[in-house]
Amino acid sequence: MLNIITIYSKIIFSYFLLISVFYIILILISSGKLMEFVNVIKNEVNIIGSYTKPISVIVPAYNEEETIIDNILSLLQLNYPEFEIIVVNDGSKDNTLQKIIDYFQLRKIDVEINAQVQSAEIKGVYGSFNIPNLVIVDKLNGGKADALNAGINLSRYPLFCGIDADCILEKSALIRIVKPFLKNEDTIAVGGIVRIANGCIIKNGKLIEAKLPKEKFVIFQIIEYFRAFLTSRIGWEKINALLIISGAFGVFKKSSVIKVGGYSKTIGEDMELTLRLHEYYRKNKIPYKIDFASDAVCWTQAPNTIKGLKSQRIRWHRGLTDSLMLHKKMIFNPRYGTVGMLSVPYFVLVEMLGPIIEMIGYIMLIILIITSSLSKFFVFVFLLAFMYGLTFSLSAILFEAMSYKRYSGIREVTRLIIYSFFEQFLYRQLTVYWRVISFINYKKGSKKWGTIKRNAFYEKED
């Protein structure tokens, strides 16, 4: 047994050493790219309307009565010349549909539907003379991917933006996220940055002040989001190997999505679509670019209960595993360039299988402690794993402090730094356990788009 543990210790050491080197490269790439964004972020975006491209904003909604009005209000306030809002009620069982109809005084209208991608039956479409760019679609339940497909079928414009119903966009978010399409005609998709709204002051769909929440494990999630968006995605975008355009906020060239058949009915529809676009364009040797606009900001609600967090993480990992397995032929396949040789293998070895490798390490640590056989080398391996996670978190917090500065004052930045140390204990192990369970049961798991309990956005009177 001890010999097996010693061999595995060396495997883990090599694994984390390789990951650490890779993360350092990502951080260096991200820091260079981020400095380009700093000047952009500091300046207001002023683009003449004739140079922009009209966008259809699609909001899939299932049981979102607590946040849907704020979401629509925030979208109506966007600083963008020409856009339409299509809210797709995917057979909600709560009061989502009626709440929208009553608040915006909508009525049923007749529209021609161009069914270019498959979706469930549409029961009705609602609109208003007072707000001509707002349309509500009521359809049979078919899942998030199906709801997005229905929105695509009703959309009028060449670009569409998918956004979750519990999100609030900053006023200039659309203008910022559309810039890559204006700079490069080969751009087919652009992701925006997603931030956690818990604790923030939001009134009438507008962010008044960004604040850290009181719940400790929500702050841990903020740090996780920093790592994902401020280092990983910026780095992958630099080599055109970004695998995820977040379902919470992303813009796509509609003709490209229709070309690959729209969204698939999988629980990780956002990642699967991005992978399918990479596969199609590289396989057919068509020039393309999947970009990331880290100055385009979307605020979303994070789970504020352990039950909600567990449900989310199991769903995320199941979606990741499902997407990677559907496109496993791309793994280490030179035909797909940097995607096949770098990003897909990375996501398989680190994101999909990493939790299992880490969990086995924890089990071995317990065995060694119980048997009083803990070696200095094994302790060193765990310290290395701790340091790589901490370095990644601190780098992301540093990038935030240097560029966006959404959280004002030394006090809040200090809190984030302190929490980045504590995140490595218990919280990390808990999320690793959930991901392992999800991986083991991913084929048996539900393909439905689960929901977490929503709360009305926090409001504070002046």
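Residues numbered from 1 in each chain as written. Predicted model: local features only at pLDDT ≥ 70, side-chain atom pairs only at ≥ 80, totals over all residues. Heavy atoms only, no water.

Enquirer: Please explain the overall build of the protein chain as it appears in this structure.
Expert: Of the regular secondary structure elements, the protein chain holds 14 helices and 12 strands. Rg of the C-alpha trace for the protein chain: 22 Å, near the compact-globule value of 23 Å for 462 residues, within the 12% margin. Along the first, second and third principal axes, the C-alpha atoms of the protein chain reach 75 × 55 × 45 Å. Burial status across the protein chain gives 58% buried among its 462 residues. Nonlocal contacts in the protein chain, meaning residues at least 24 apart in sequence, comprise 81% of its contacts between residues at least 6 apart. When the accessible surface of the protein chain is summed, it comes to about 20400 Å², and 59% of that surface belongs to carbon and sulfur atoms. (Helix = DSSP H or I, 4+ residues; strand = E, 2+ residues; numbered from the N terminus. Rg over C-alpha atoms; globule rule 2.2 N^0.38 Å. Buried < 20%, exposed > 50% of the residue type's maximum accessible area, 1.4 Å probe, protein only. Contact = heavy atoms within 4.5 Å. Areas by Shrake-Rupley, 256 points an atom, 1.4 Å probe, with all protein chains shown as cover.)

Enquirer: Help me understand the packing of aromatic side chains, please; the structure alone is not making it clear to me.
Expert: Each aromatic ring pair is summarised here by two numbers: the centre-to-centre distance and the angle between the ring planes. The full count for this structure, using the stated rule, is 15 aromatic pairs. An angle of 35 degrees between the planes, with centres 6.1 Å apart, marks the rings of Tyr-225 and Phe-229 as tilted. Of the two residues, Tyr-225 and Phe-229 both sit in helix α6 (residues 216-238), 4 residues apart, roughly one turn of that helix. Neither residue differs from the other here; Tyr-225 and Phe-229 are each classed as buried. Arranged with centres 5.4 Å apart and planes meeting at 40 degrees, the rings of Tyr-281 and Tyr-288 form a pair that is tilted. Both residues of the pair, Tyr-281 and Tyr-288, belong to the buried class. Members of the aromatic cluster, joined through ring pairs, are Tyr-225, Phe-229, Phe-292 and Trp-316. Over the aromatic face of Phe-229 sits the side chain of Arg-233, whose NZ or CZ is 4.2 Å from the ring centroid. (Phe/Tyr/Trp six-rings, centres within 6.5 Å; stacked < 30°, edge-to-face > 60°. Lys NZ or Arg CZ within 6 Å of the ring centre and 35° of its normal.)

Enquirer: Can you walk me through the environment of Ile-5 in this structure?
Expert: Here Ile-5 is to be found in helix α1 (residues 2-42). Placed 340 residues apart in sequence, Ile-5 and Pro-345 show a C-alpha to C-alpha distance of 26 Å. Here Ile-5 is in contact with Met-364, Ile-367, Leu-368 and Phe-378, once residues within four sequence places are set aside.

Enquirer: Sorry, what's going on with the pattern of salt bridges here?
Expert: Side chains that differ in charge, positive against negative, can pair when their charged atoms come close. Under the definition given, this model contains 17 salt bridges. One salt bridge connects Glu-224 with Arg-313, and the closest N-O pair in it is separated by 2.8 Å. With Glu-224 in helix α6 and Arg-313 in helix α9 (residues 306-326), the pair connects residues that are 89 residues apart, well separated along the chain. For the pair shown, Glu-224 and Arg-313 are each scored as buried. (Salt bridge = Lys/Arg side-chain N within 4 Å of Asp/Glu carboxyl O.)

Enquirer: What am I meant to see in the sheet that holds strand β5 (residues 134-139) here?
Expert: Strands belonging to one sheet form pairs held by backbone hydrogen bonds; the direction of such a pair is parallel or antiparallel. Pairing within the open sheet is mixed, and its 10 strands lie in the order β3-β4-β5-β2-β1-β6-β11-β8-β12-β7. Two strands bound the open sheet, and with one partner strand each, they are β3 (107-109) and β7 (167-169). Across the sheet, the axes of successive neighbouring strands diverge by a mean angle of 30 degrees, strand direction being ignored. Inspection of the sheet shows strand β4 (residues 122-127) paired to β5 by 4 bridges, in the antiparallel sense. Looking at the pairing, Tyr-126 lines up with Ile-136 of β5. Helix-sheet contacts for α6 involve β8 (187-196) and β12 (289-300), and the interaxial angle to β8 is about 155 degrees. (Pairing = 2+ DSSP bridges. Axes fitted to C-alpha atoms, helices over the stretch in contact; angles between N-to-C directions.)

Enquirer: What exactly am I supposed to notice about a nonpolar patch on the surface here?
Expert: Taken together, the side chains of Phe-332, Met-341, Leu-342 and Leu-349 make up a nonpolar region of the molecular surface, amounting to roughly 360 Å² of accessible area. Position of Phe-332 relative to the elements: it lies in the loop between α9 and α10 (337-352). (Patch = residues over 30% accessible without salt bridge, like charges linked within 9 Å, V, L, I, M, F, W, Y side chains within 5 Å.)

Enquirer: In this structure, what is going on with the side chain of Ser-74? I would like to understand it.
Expert: Mapped onto the secondary structure, Ser-74 falls in helix α2 (residues 68-76). Leaving out residues up to four positions away in the same chain, Ser-74 has contacts with Cys-167, Ile-168, Leu-169 and Gly-205.

Enquirer: I would appreciate a short explanation of unusual backbone geometry in the present structure.
Expert: A negative phi holds for most residues other than glycine; trans holds for most peptide bonds. Unusually for a residue other than glycine, Asn-240 sits at a positive phi of about 50 degrees. Within the secondary structure, Asn-240 sits in the loop between α6 and β11 (249-253). Note on Asn-240: relative accessible area 13%, which makes it buried. Unlike most non-glycine residues, Lys-285 shows phi in positive territory, near 55 degrees. With respect to the helices, strands and loops of the structure, Lys-285 is situated in the loop between α8 (269-283) and β12.

Enquirer: Help me understand the packing of α9 against α10 in this model?
Expert: Helix-helix packing: each pair is described by the crossing angle between the helix axes and the interaxial distance. Two numbers describe how α9 lies on α10: the axes approach to 11 Å, and their chain directions differ by 145 degrees. Crossing of α9 over α10 shows left-handed handedness. Touching His-317, Leu-320, Thr-321, Leu-324 and Met-325 of α9 are Val-344, Phe-347, Val-348, Glu-351 and Met-352, all from α10. Considering only residue class, the contact of α9 with α10 consists of 7 nonpolar, 2 polar and 1 charged. (Left-handed = near helix turned anticlockwise from the far one by under 90°. Nonpolar A, V, L, I, M, F, W, Y, C, P; charged D, E, K, R; others polar.)

Enquirer: Where do I start with the side chain of Asn-89 in this structure?
Expert: With respect to the secondary-structure elements, Asn-89 resides in strand β2 (residues 83-90). Residue class for Asn-89 comes out buried when judged on its relative accessible area of 3%. A polar contact of 2.9 Å, which involves the side chain of Asn-89, links it to the side chain of Asp-138. Setting aside anything within four residues of it in sequence, one finds Asn-89 in contact with Ala-61, Thr-96, Leu-97, Val-137, Asp-138 and Lys-139. (Polar contact = N/O pair within 3.5 Å; in protein donor to acceptor, adjacent residues only side chain to side chain.)

These figures come from the coordinates and say nothing about function on their own.
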